[in-house]
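# Residue-level structural notes
One-letter residues, chain by chain:
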Amino acid sequence: MAKSAPWLDALDAYKGGPEPPPALLSGGYIAGMAFTAAAYACLPPLGSSSSLLLVAKCLPLVGLLFFLETHWTVNLRVKLSARASFSPAGAQATGQTPYEITEANRCHQNQIESACYFLPALIGAAAFCDARAPYNARLIPALVISWFAARTCYRLGYKSTSNPHRRLVGHMWSLVVSVQPLAYALFRLFSDTLSGSL
């Protein structure tokens, strides 16, 4: 049997091994359901703002996440040793990017990817928040608060040296927060279109 390449062994060690522990995935699922339900239950009745206006009012929390994410990377670039200081032009010229920058960029990319399906799900949930919906407008801030907490958990888990799979808790949590309202909005889109009530 052929021995695997050292770089492949290092990659597997970084990823946390070939299989994510089921407890982390189920923990993320439970956190997504429980945290969102708790936020929904704890929020007071909201004013007369429309659901779509509530999305706009809650978006600064999403902006805060990306502000913090960007400054995490900026601080990382400042703290790198002189040898590893990041220069995009130098990285392009030499074909080398410091590992810390690659890791931070990948985490930042994942945050953006998550936002790309969370935001349409949030807007869809707001657009279909009417008498037929099984929720009221409090769901909008509850989703945003829960997604923010999930993506913060993802960021902290990404930097875990003892178990890199810990980021999967935040990933699964944010997936739950995004997929359920997205599924409901898609259901309403098609059912309302077919019934002519869109």
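Description of the structure in this document. (Residues numbered from 1 in each chain as written. Predicted model: local features only at pLDDT ≥ 70, side-chain atom pairs only at ≥ 80, totals over all residues. Heavy atoms only, no water.)

## Notes on the pattern of salt bridges
Convention followed: Between Lys or Arg on one side and Asp or Glu on the other, a salt bridge is scored when a side-chain nitrogen of the former is within 4 Å of a carboxyl oxygen of the latter. Labels follow the DSSP assignment, with helices taken as runs of H or I lasting at least four residues and strands as runs of E lasting at least two, numbered in each case from the N terminus. Here the term buried applies to any residue with accessible area under 20% of the maximum for its type, exposed to any over 50%, and partly exposed to those in between, with areas from a 1.4 Å probe on protein chains only.
Applying the stated criterion across every chain yields a total of 5 salt bridges. Measuring nitrogen to oxygen at the nearest pair gives 2.7 Å for the salt bridge that ties R132 to D192. Taken together, the residues R132 in the loop between α5 (99-127) and α6 (139-158) and D192 in helix α7 (residues 167-195) connect sequence positions 60 residues apart. Look at R132 and you get partly exposed, because its relative accessible area is 49%. Taking the relative accessible area as the measure of exposure, D192 reaches 3% and is therefore buried. Here the salt bridges do not stand alone but share partners, grouping D130, R132, R188 and D192 into one network.

## Overview of the packing of aromatic side chains
The following threshold applies: Put simply, two rings from Phe, Tyr or Trp (the six-membered ring, in Trp's case) pair if the centres are within 6.5 Å, and we call them stacked under 30 degrees between planes, edge-to-face over 60, tilted for the rest. The rule for a charge over a ring is simple: NZ of Lys or CZ of Arg within 6 Å of the ring centre, and within 35 degrees of the ring normal.
Summed over all chains, the structure comprises 4 aromatic pairs. Consider the rings of Y135 and Y184, whose centres lie 5.5 Å apart with planes at 75 degrees: the pair is edge-to-face. Of the two residues, Y135 sits in the loop between α5 and α6 while Y184 sits in helix α7, which places them 49 residues apart along the sequence. You'll find Y135 and Y184 in the same group, each marked buried. A connected cluster of aromatic rings, assembled from ring pairs, spans Y135, Y184 and F187. A cation sits over an aromatic face here: R138 above Y40, 4.5 Å from the ring centre. Residue placement shows R151 over the ring face of Y154; its charged tip is 4.3 Å from the ring centre.

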